[in-house]
Amino acid sequence: MQDTIVVRPQPVPDAAQRLVCLGFCGGGAGSYLAWTEAMPPGAELAAVCYPGREGRFAEDCARDWDELAEDAVTAVLSAAGLPYVLFGHSMGGWMAFDVAARIEERGGPAPAAVVVSSANAPSRGLTPQDMFPAQHQSDGELMDWMREFGLLPGHVLGDPDLCEIAVELMRADLRVRDSFYHRAGATVRAPLQVLTGAVDEVIDPRTAQQWRKLAAGPFRHDELPGGHFYTPEVWQTLPSRIAALGTPAA
């Protein structure tokens, strides 16, 4: 497990389980690092860094969904020395589901649970509803989106060169997202928990029923306050809503 690929902001030497997080469009491993304060006792936070950013900046970005999914499979398996819960938000939710399915199909070690946050069921396919922000949007519009959702730290916002890099990475993620496809028959046997925001206009009203069909094992759906990134308070403490970490959703 390389620190540049699987980032552990606060290693827990006696951890009994690990929460492994996969990124959303425009976000990196750093998007999850503040969650260390919200982790329950005995659980360690880990975040996968995709190629082309942060500690893997010198690498080429993935060209399409399959390439990124296979990279993520390798990263997740390197973190599987402990029982692990696989988490993904938005595009990362599809990635978490696909990575878990690929690992299960290959005989494991599979996650103890899969948690999908703010993502429609992949069996719907890629729809216009899911394609936000969009590739056709201007650099300024993408920057506005990243500012709104707190993806850019202050030192990036104050540096035009770093802002340009951030937009390039966002566009790389959008190209990967727009190559997404649901592999026919893909399901997960691990317990599947789906989290959605109560006022998230992106989420299909039937999403719980659609996700349930992709769960070959236990399933639960929890609706949380707020929109696509919930409320700030909910987002900052989201690990406390993950049932498999021993702290059932409120």
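Scroll up for the structure.
What comes next is a walk through the structure. These figures come from a predicted structure and were not determined experimentally. (Residues numbered from 1 in each chain as written. Predicted model: local features only at pLDDT ≥ 70, side-chain atom pairs only at ≥ 80, totals over all residues. Heavy atoms only, no water.)

### Brief notes about the packing of helix 1 (residues 65–78) against helix 2 (residues 91–105)
The description of two packed helices rests on the angle between their axes and on the distance between the axes. Worth spelling out the cut-off: For helices, the fitted axis covers only the stretch in contact; all axes are lines through C-alpha atoms, and the angles between them, taken along N-to-C directions, range from 0 to 180 degrees. Where helices and strands are cited, they refer to DSSP runs of H or I of at least four residues and of E of at least two residues respectively, numbered from the N terminus. Orientation is classified from the angle alone, with under 35 degrees giving roughly parallel, over 145 giving roughly antiparallel, 65 to 115 giving roughly perpendicular, and any other angle giving oblique. Should the near helix be turned counterclockwise from the far one by less than a right angle, the crossing is left-handed, whereas a clockwise turn marks it as right-handed. Residue contacts follow a heavy-atom distance rule, with two residues in contact if any of their heavy atoms lie within 4.5 Å. Side-chain classes are defined by residue name, with Ala, Val, Leu, Ile, Met, Phe, Trp, Tyr, Cys and Pro counting as nonpolar, Asp, Glu, Lys and Arg as charged, and the others, Gly among them, as polar.
Look at helix 1 against helix 2: their axes get within 9 Å of each other, and the N-to-C directions meet at 65 degrees. Considering their axes alone, helix 1 and helix 2 lie roughly perpendicular with respect to each other. The chirality of how helix 1 crosses helix 2 is right-handed. Across the interface between the two elements, Trp65, Asp66, Leu68, Ala69, Glu70, Ala72, Val73, Val76 and Leu77 from helix 1 touch Met91, Trp94, Met95, Asp98, Val99, Arg102 and Ile103 from helix 2. Taken together, the residues of the contact of helix 1 with helix 2 sort by class into twelve nonpolar, no polar and four charged.

### A look at the pattern of salt bridges
Operational definition: Salt bridges are defined as contacts in which a side-chain nitrogen from Lys or Arg sits within 4 Å of a carboxyl oxygen from Asp or Glu. Accessible area is worked out with a 1.4 Å probe on protein chains only. A residue is then buried under 20% of its type maximum, exposed over 50%, and partly exposed in between.
Using the criterion set out here, one finds 19 salt bridges in the structure. Here Arg53 ties to Asp173 by a salt bridge, and the two come within 3.0 Å at their closest N and O atoms. Taken as a pair, Arg53 in the loop between strand 3 (43–48) and helix 1 and Asp173 in helix 5 (residues 160–177) lie far apart in primary sequence, 120 residues in all. We classify Asp173 as buried; its relative accessible area is 2%. Where Arg171 meets Asp139, a salt bridge forms, and the shortest distance between an N and an O atom there is 2.8 Å. Residue Arg171 is located in helix 5, and its partner Asp139 is located in helix 3 (residues 139–148); the two are separated by 32 residues in the primary sequence. Taking relative accessible area as the criterion, Asp139 reaches 44% and is therefore assigned partly exposed.

### Here we look at unusual backbone geometry
For the bond running from Gly108 to Pro109, omega is 5 degrees, close enough to zero to count as cis. Following the sequence through the fold, Pro109 ends up in the loop between helix 2 and strand 5 (113–117). Cis geometry is found at the peptide bond from Phe132 to Pro133, where omega equals -15 degrees. Mapped onto the fold, Pro133 is located in the loop between strand 5 and helix 3. Phi at Ser118 is positive, roughly 55 degrees, even though this residue is not glycine. Note on placement: Ser118 falls in the loop between strand 5 and helix 3. Taking relative accessible area as the criterion, Ser118 reaches 2% and is therefore assigned buried.

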